[in-house]
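What the coordinates show
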Amino acid sequence: MDMRVDMRQVLTEYARTGGVGVVRPGARLEDVAEVLGAPVEADYFPNPEGSWPRTFAYGDVRLEVCGCREIFQVALSTGNGTVEVPGGRPGELVTLGSEVTFGELKEALAEAGTEWELWTMPTLTDQLTVIAGEYPKDVHYTFTVPDPAAPDSATLHSVIAKDAEHTC
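Below, the structure is looked at part by part.

The next subject is the overall build of the protein chain. Scanning the protein chain from terminus to terminus reveals three helices and ten strands. Counting helices and strands in the order they occur from the N terminus, the protein chain gives α-α-β-β-β-β-β-β-α-β-β-β-β. By principal-axis analysis of the C-alpha atoms, the protein chain measures approximately 50 × 35 × 30 Å. The burial tally for the protein chain puts 42% of its 168 residues in the buried class. Partitioning the contacts of the protein chain with sequence separation of at least 6, the portion at a separation of at least 24 is 46%. Accessible surface, the protein chain: about 9,000 Å² in total, of which carbon and sulfur atoms supply 51%. Of the side chains in the protein chain, 12 bear a positive and 27 a negative charge, and the two mean positions are spaced by 5 Å.

Take a look at the structure:
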């Protein structure tokens, strides 16, 4: 990944490929590790040693890997102000500002020629989700909405790409 990459580029790449660089649903863990080096173990829940699925990370990019060692989900939490994403070489991480508004994402996706749809829940007014891509491999950008009257100022909370139909 080019060191001059900004968060908007990362987000449009997510829409196009489902991930960051070589880290994307459908990629084999061993192929990703060949390019980026070994990931960090990032299991959130206690699992018996050696059991699958498992969670790994490259910086703030979390990947869920199933028993066949294929990535089926790539997630990025953006609510802390910065994120570390793989830089494209073993061990290299790039720190980016992660504060992106709904208005900025709409603009970035439009510039990239990427179609998307807005998904809201009538009973949940403090959150909205933009969905790009097509099921079963789609990307969900979830935003925190402090003021429902000004949705364009909503701030990005997380991005998740998942292959919902992956089976081993």
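There's more to say after this.
Further remarks concern the sheet that holds strand 3 (residues 61-65). With antiparallel pairing, the eight strands of this open sheet are ordered in space as 1-2-3-4-10-9-8-7. With partners counted over all chains shown, the strands left at the sheet margins are strand 1 (40-41) and strand 7 (116-121), one partner each. Direction of pairing for strand 1 relative to strand 2 (residues 54-58): antiparallel, over a ladder of two bridges. Across the sheet, the residue bridging to Val40 is Ala57, located in strand 2.

So, on to helix 1 (residues 7-17). Considered for burial, the residues of helix 1 that qualify are Met7, Val10, Leu11, Thr12, Glu13, Tyr14 and Ala15. With a side-chain oxygen lying 3.1 Å from the backbone nitrogen of Arg8, the N-terminal cap of helix 1 falls on Asp6. Where helix 1 ends, the next residue or the one after it, Gly18, has phi of about 90°, a positive value.

Let us look at empty space enclosed by the protein. Across all of its chains, the model carries one cavity of 30 Å³ or more by this definition. Along its surface, the largest cavity is lined by Trp119, Thr120, Met121, Leu124, Gln127, Leu128 and Thr129. Among the elements of the structure, strand 7 and strand 8 (124-134) are those that each provide at least two residues to the lining of the largest cavity. If one sorts the elements of the lining of the largest cavity by residue count, strand 8 sits on top with four residues. Grouping the constituent residues of the lining of the largest cavity by class yields four nonpolar, three polar and no charged.

The next thing to look at is the pairing of strand 7. Two elements, strand 7 and strand 8, share five bridges in a ladder whose sense is antiparallel. In the strand pairing of strand 8, Glu117 is matched with Ile131. Connecting strand 7 to the antiparallel partner strand 8 that follows it, the hairpin turn spans two residues.

Here Gln73 shows up in strand 4 (residues 71-77). A relative accessible area of 11% places Gln73 in the buried class. With sequence-adjacent residues up to four places away left out, Gln73 is seen in contact with Arg62, Leu63, Glu64, Ile160, Ala161 and Lys162.

This paragraph deals with unusual backbone geometry. Unlike most non-glycine residues, Arg69 shows phi in positive territory, near 70°. Considering the arrangement of structural elements, one finds Arg69 in the loop between strand 3 and strand 4. With a relative accessible area of 33%, Arg69 lands in the partly exposed category.

Our next topic: the state of the cysteines. Per the stated rule, a full pass over the model turns up zero disulfides. The thiol of Cys66 is unpaired, and the distance to the nearest cysteine sulfur, on Cys68, comes to 3.1 Å. The class of Cys68 is partly exposed, set by a relative accessible area of 26%.

What counts as what
The written sequence of each chain sets the order in which its residues are numbered from 1. Only residues with pLDDT of at least 70 get local features here, since the model is predicted, and only at 80 or more are side-chain atom pairs given and counted; chain-wide, interface and lining totals rely on the full set of residues. Water and hydrogen atoms were dropped before computing side-chain values, which therefore reflect all heavy atoms in the structure. Helix numbers and strand numbers start at the N terminus; a helix is a DSSP run of H or I with at least 4 residues, a strand a run of E with at least 2. In this scheme, a residue with accessible area under 20% of its type's maximum is buried, one over 50% is exposed, and one in between is partly exposed, where area comes from a 1.4 Å probe on protein chains only. It only takes one pair of heavy atoms within 4.5 Å for two residues to be counted as in contact. Computed by Shrake-Rupley with a 1.4 Å probe, the accessible areas treat only the displayed protein chains as cover when residues are assessed. For the purpose of counting charges, residues Lys and Arg are taken to be positive, whereas Asp and Glu are taken to be negative. His and the chain ends are not included. All charge positions are set by atom: Lys at NZ, Arg at CZ, Asp at CG, Glu at CD. What makes two strands pair is DSSP finding at least two bridges between them. Residues adjacent in sequence count toward polar contacts only when both atoms are side-chain atoms; beyond that, a polar contact is any pair of N or O atoms within 3.5 Å, and within protein one must be able to donate a hydrogen and the other to accept it. Method remark: on a 1 Å grid restricted to protein atoms, a set of points is classed as a cavity if a 1.4 Å probe fits but cannot get out and as a pocket if it is open with protein on both sides within 12 Å along at least five of seven lines; lining residues have an atom within 4 Å of a point. Grid points are joined across faces, edges and corners, and a volume is the space filled by probe spheres set on the points. Under the grouping applied here, Gly and all other residues not named as nonpolar or charged are polar, the nonpolar ones being Ala, Val, Leu, Ile, Met, Phe, Trp, Tyr, Cys and Pro and the charged ones Asp, Glu, Lys and Arg. Only a pair of cysteine sulfur atoms within 2.5 Å counts as a disulfide in this structure description.

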